[in-house]
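Read off the chains here:
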Amino acid sequence: MKFKESVKASLLDPSVLFRPEAVYNGKPIEAFRSYEFDENDAIQQRVIKTYYDLHTNQTYELVKAKMDEWLKFDHFKSTVKDALIKLNDFVDESDPDTDLPNIVHAFQTAEQIRRDHPDNDWFQLVGLIHDMGKVLVFYGEPQWWVVGDTYPMGCKWGPSIVCGDDSFKDNPDTYNPKYNTKYGIYKPNCGIEELTMSWGHDEYLYRVLKHNKASLPQEGLWMIRYHSFYPWHAGGDYSYFMKEGDEKIKEAVLKFNQYDLYTKSAEVPDIEALWPYYEKLIDKYIPGELEW
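**Brief notes about the packing of helix α4 (residues 102-116) against helix α5 (residues 121-129)**
α5 packs onto α4 with a crossing angle of 160° between their chain directions and a minimal axis gap of 7 Å. As summarised for this structure, α4 and α5 are arranged roughly antiparallel, according to the angle between their axes. Along this stretch, α4 crosses α5, giving a crossing that reads as right-handed. Here Ala106, Phe107, Thr109, Ala110, Ile113 and Arg114 of α4 lie close against α5, whose contacting residues are Phe123, Gln124, Gly127 and Leu128.

Printed below as a string of structure tokens:
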């Protein structure tokens, strides 16, 4: 895979530099950093390797097994604040920029939402916690089980998935007639929420919040669960699975993702000064020690 042209990009959400969707063709803005794409660049090659590992190793059956493993919620207990603090030691290997630990992006996202939506505190909190499921990496999971864009398992791979068909050539589901057709194991218009997604931090955090009875509104839970489902909400794939009402899910995710994608910058917020404000939001919507 070669990248010969010089383009501008922000410190983007995982793999945005490689996304094929036309909606991102116009992504350069003045606040974004400039990068020279080089096929020999170690960082860019690491991003690609993470996606090839993800697309090779995650199969429908293994994803179901991983869900069974983690959705017992018996691995550890932690408050939201302590889980977020762990992300200070985490850098996403599917992100082309290695400078920022994930907790910085969390506060950047939350603060931009707060500026634009000062009266919507649950939306601000969603911005803060949306990547919190990445704590999985501290409990033995390789990053390809945790990070990157998500997509449905059990059906044909969508054309907008990062790195394309070549990255799935060694995945046995690619050749399984049960899983490699347009609809696979699903029915047309079954509903987006009926799809079994590739395993990662989005689905995990969504399930953790549901299990622990977080009082975030459904719109916020949709934002968390599907913010990495770029092949659908950005690429236009899988629309044939949508049912009546699913457009509301997409609207919620798109409302959130403008902040997830375009708030990363060289400016690092004063996290210690911001904690008291966000601790109040945590206590309001997701208090106490959670089961993970």
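**Concerning the environment of Ile286**
Here Ile286 lies in the loop between α10 (271-285) and β4 (289-291). A C-alpha to C-alpha distance of 7.8 Å links Ile286 and Lys213, two positions 73 residues apart in sequence. Setting aside chain neighbours within four positions, we find Ile286 in contact with Val80, Leu125, Ile129, Leu209, Ala214, Leu216 and Leu281.

**Looking at the environment of Gly154**
Within the secondary structure layout, Gly154 lies in the loop between α5 and α6 (201-211). Owing to a relative accessible area of 2%, Gly154 belongs among the buried residues under this scheme. For the pair Gly154 and Tyr183, spaced 29 residues apart in sequence, the C-alpha separation works out to 8.2 Å. Not counting the four nearest positions on each side in its chain, Gly154 is found in contact with Tyr60, Lys178, Tyr179, Tyr183, Gly184, Ile185 and Tyr186.

**Points about the packing of aromatic side chains**
This model, assessed by the stated rule, comprises 25 aromatic pairs. With 4.0 Å between their ring centres and 5° between their planes, Phe76 and Tyr139 make a pair best called stacked. Highlighted residues: Phe76 in the loop between α2 (60-70) and β3 (77-79) and Tyr139 in the loop between α5 and α6, separated in sequence by 63 residues. In this structure an aromatic cluster arises from ring pairing among Tyr183, Tyr186, Tyr226, Phe229, Trp232, Tyr238, Tyr240 and Phe241. Lying across the ring of Phe138, Lys86 places its NZ or CZ 5.4 Å from the centre. The positively charged end of Lys182 is found above the aromatic ring belonging to Tyr240, 4.6 Å away from the centroid.

**Some thoughts on the pattern of salt bridges**
Evaluation of the coordinates by the stated rule reveals 12 salt bridges. Where Asp131 meets Lys134, a salt bridge forms, and the shortest distance between an N and an O atom there is 3.4 Å. We note that Asp131, like Lys134, is buried. Across the pair Asp166 and Lys169 runs a salt bridge, and its minimum N-O distance is 3.6 Å. Exposure remark for Lys169: the relative accessible area of 39% places this residue in the partly exposed category.

What counts and what doesn't
Residues numbered from 1 in each chain as written. Predicted model: local features only at pLDDT ≥ 70, side-chain atom pairs only at ≥ 80, totals over all residues. Heavy atoms only, no water. Axes fitted to C-alpha atoms, helices over the stretch in contact; angles between N-to-C directions. Helix = DSSP H or I, 4+ residues; strand = E, 2+ residues; numbered from the N terminus. Parallel < 35°, antiparallel > 145°, perpendicular 65-115°, else oblique. Left-handed = near helix turned anticlockwise from the far one by under 90°. Contact = heavy atoms within 4.5 Å. Buried < 20%, exposed > 50% of the residue type's maximum accessible area, 1.4 Å probe, protein only. Phe/Tyr/Trp six-rings, centres within 6.5 Å; stacked < 30°, edge-to-face > 60°. Lys NZ or Arg CZ within 6 Å of the ring centre and 35° of its normal. Salt bridge = Lys/Arg side-chain N within 4 Å of Asp/Glu carboxyl O.

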